Amino acid sequence: MFEHAKKIMDNTITVTFYDVTTLHFESESEDDLRRIGFSKEGKLNRPQIQLGLFTTLQGYPLSYEVYEGNKYEGHTLVDILQKFQTRFNLPSKPIVVADKGMLNNANIAYLEKNNYKYILAYKIKNISRELKTKIANLVFIDDGTIHTLDIEKEIIYKDGEGRNQKFIIKQRLILTYSSKRAKKDKRTREKALEKIETALNKKNITKSDLKLSYYAKYLDIDDKCTIKYKLNPDKVDLDARLDGIKGFATNDFTLKANDVIAHYQNQYAVERAFRISKTDLRIRPIYHRLENRIKAHVLISFVAYAVFMEFERRLKNKGIKFKFSQKLLKKIIEHILAVKIGNEIIPIPPSPIQRKIFEIFES
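My aim in this report is to walk through the structure given alongside it, one point at a time.

Criteria and cut-off values
Residues numbered from 1 in each chain as written. Predicted model: local features only at pLDDT ≥ 70, side-chain atom pairs only at ≥ 80, totals over all residues. Heavy atoms only, no water. Helix = DSSP H or I, 4+ residues; strand = E, 2+ residues; numbered from the N terminus. Contact = heavy atoms within 4.5 Å. Buried < 20%, exposed > 50% of the residue type's maximum accessible area, 1.4 Å probe, protein only. Pairing = 2+ DSSP bridges. Salt bridge = Lys/Arg side-chain N within 4 Å of Asp/Glu carboxyl O. Patch = residues over 30% accessible without salt bridge, like charges linked within 9 Å, V, L, I, M, F, W, Y side chains within 5 Å. Areas by Shrake-Rupley, 256 points an atom, 1.4 Å probe, with all protein chains shown as cover. Core = buried A, V, L, I, M, F, W, Y, C linked by side-chain atoms within 4.5 Å. Phe/Tyr/Trp six-rings, centres within 6.5 Å; stacked < 30°, edge-to-face > 60°. Lys NZ or Arg CZ within 6 Å of the ring centre and 35° of its normal.

This part covers the environment of Arg282. Looking at where Arg282 falls in the secondary structure, it is placed in the loop between helix H9 (268-278) and helix H10 (291-317). Along the primary structure Arg282 and Ser301 are separated by 19 residues, whereas in three dimensions their C-alpha atoms are 7.9 Å apart. Beyond its immediate stretch of four places on either side in the chain, Arg282 contacts Ser277, His297 and Lys330.

Below is the structure:
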């Protein structure tokens, strides 16, 4: 399947998307692989496994790995990347695009030191005040405005032996603006300020009541908690000036700003892969207990997803569009029947729609 994906990508894998999802079990028993952990499906106290998936820019599957259900998902990236590179011996390393939670400091340091390029989303409202002020002073006229900033910073991470290490990185920060996102950010802040008002009016308020709250960033909080909490209007104003701004960081200075944005936004391909596998292809729930059967179940779903994507690709290449949903199309395919006589498989006469489906794979 990797070779096929590579072939239809003109033998060049330029960008890879990586993400992790969780798959739960109906059983309540744990073992080495099936472990209770943070569930993205909201299945609390259910053992699960984690599935890490690489796809191309268009969503074609490249590789996957199965991990223990309680493993921190950020720790899977380096492992699967090493296996991916070794297994397929890629002549050039692809750009890695992953969710912002995946590219923690340790992973960024690994990618930098091993000459990988990467793209990640930037949490504009959770960065240093100095950089926030710099961004807030930029002028975003409309939704099409883009600004770029070159930044250099020191990151701190833990090495394989748990020791703190420091590393200097250089990144290009691509900044975009959305009026729709600005309205959402404003509403979020207004709700936060309402909560602050309620909290500040409480009697016997403690530091723990506010310190870990989302809206604590708007407050001046005394470490000894000997003075009254007070709202800092400068912090509120700075936050408001960042409404609607989203950032993307990359260490590839050759990429155009629009390409960086497009690559990250195409990450929906991985999310779509998981959605198709979980719903249409019924990868979950998993009823198996033995590790080899669990992995076989995942493999079958991976193959099914690859076939689904190939079918979709051929439909697109031939310009065939159906006026009904993919779900109904799947049912039509399921009801294509044939009889086997000796070594010969004879299809039962298909309907006109089924005939079109046959023609896709006959050429």
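There is more to say after this.
The next subject is the pairing of strand E1 (residues 15-24). Of all 10 residues in E1, 10 are buried; the element is thus mostly enclosed. The sheet contact formed by E1 and strand E4 (residues 95-98) spans four bridges and is parallel. Note that in E4 the partner of Tyr18 across the bridge is Ala98. Sheet topology note: the E1/strand E2 (residues 48-55) ladder contains eight bridges and is antiparallel. In the sheet register, Val20 faces E2, and the bridge partner there is Gly52.

It is worth spelling out the pattern of salt bridges at this point. Per the stated rule, a full pass over the model turns up 13 salt bridges. The salt bridge partner of Asp31 is Arg34, with a shortest N-O separation of 2.8 Å. The exposure class of Arg34 is buried, given its relative accessible area of 3%. When the shortest N-O distance is used, the salt bridge between Glu161 and Arg163 registers 3.1 Å. Connected through shared salt-bridge partners, Glu65, Asp79, Lys83 and Arg87 make up one network.

What follows concerns the pairing of strand E11 (residues 338-341). With four bridges joining them, E11 and strand E12 (residues 344-347) adopt antiparallel strand pairing. Counterpart to Ile341 in the pairing with E12 is Glu344. In this structure, the hairpin formed by E11 and E12 is closed by a connection of two residues, where Gly342 is found at a positive phi of approximately 65°.

Together, Leu337, Val339, Ile341, Ile346 and Ile348 give the surface a local cluster of nonpolar side chains, amounting to about 420 Å² of exposed area. By the element assignment, Val339 lies in strand E11.

By size, the foremost hydrophobic cluster in this structure holds 78 residues, and its most contacted members are Ile49 and Ile135. It is H10 that provides the largest number of residues to this core, a total of six residues. Among residues more than four places away in sequence, those in contact with Ile49 are Thr21, Thr22, Leu23, Phe25, Leu33, Val66, Tyr67, Gly69, Ile286, Ile294 and Val298. Membership of the second largest hydrophobic core comes to seven residues, among which are Phe311, Ile320, Ile357 and Ile360.

Under the definition given, this model contains nine aromatic pairs. Consider the rings of Tyr18 and Phe54, whose centres lie 5.0 Å apart with planes at 45°: the pair is tilted. Taken together, the positions of Tyr18 in strand E1 and Phe54 in strand E2 put the pair 36 residues apart, joining distant regions of the chain. Take Phe54: its relative accessible area is 0%, and that puts it in the buried class. Judged by centre distance (6.5 Å) and plane angle (25°), the ring pair of Tyr110 and Tyr116 falls under stacked. Accessibility expressed as a relative area gives 18% for Tyr110, which makes it buried. Connected via pairs of aromatic rings, a cluster forms that spans Phe2, Tyr18, Phe54, Phe84 and Phe88. Above the face of the Phe25 ring, Arg34 is positioned so that its terminal group lies 5.5 Å from the ring centre.

Before going further, it helps to examine unusual backbone geometry. Unlike most non-glycine residues, Asp10 shows phi in positive territory, near 60°. Along the chain, Asp10 turns up in the loop between helix H1 (2-8) and E1. Phi angles above zero are rare outside glycine, and Asn115 is one such case at about 60°. Within the secondary structure, Asn115 sits in the loop between helix H3 (105-113) and strand E5 (118-122). Asn115 sits in the exposed class, given a relative accessible area of 61%.

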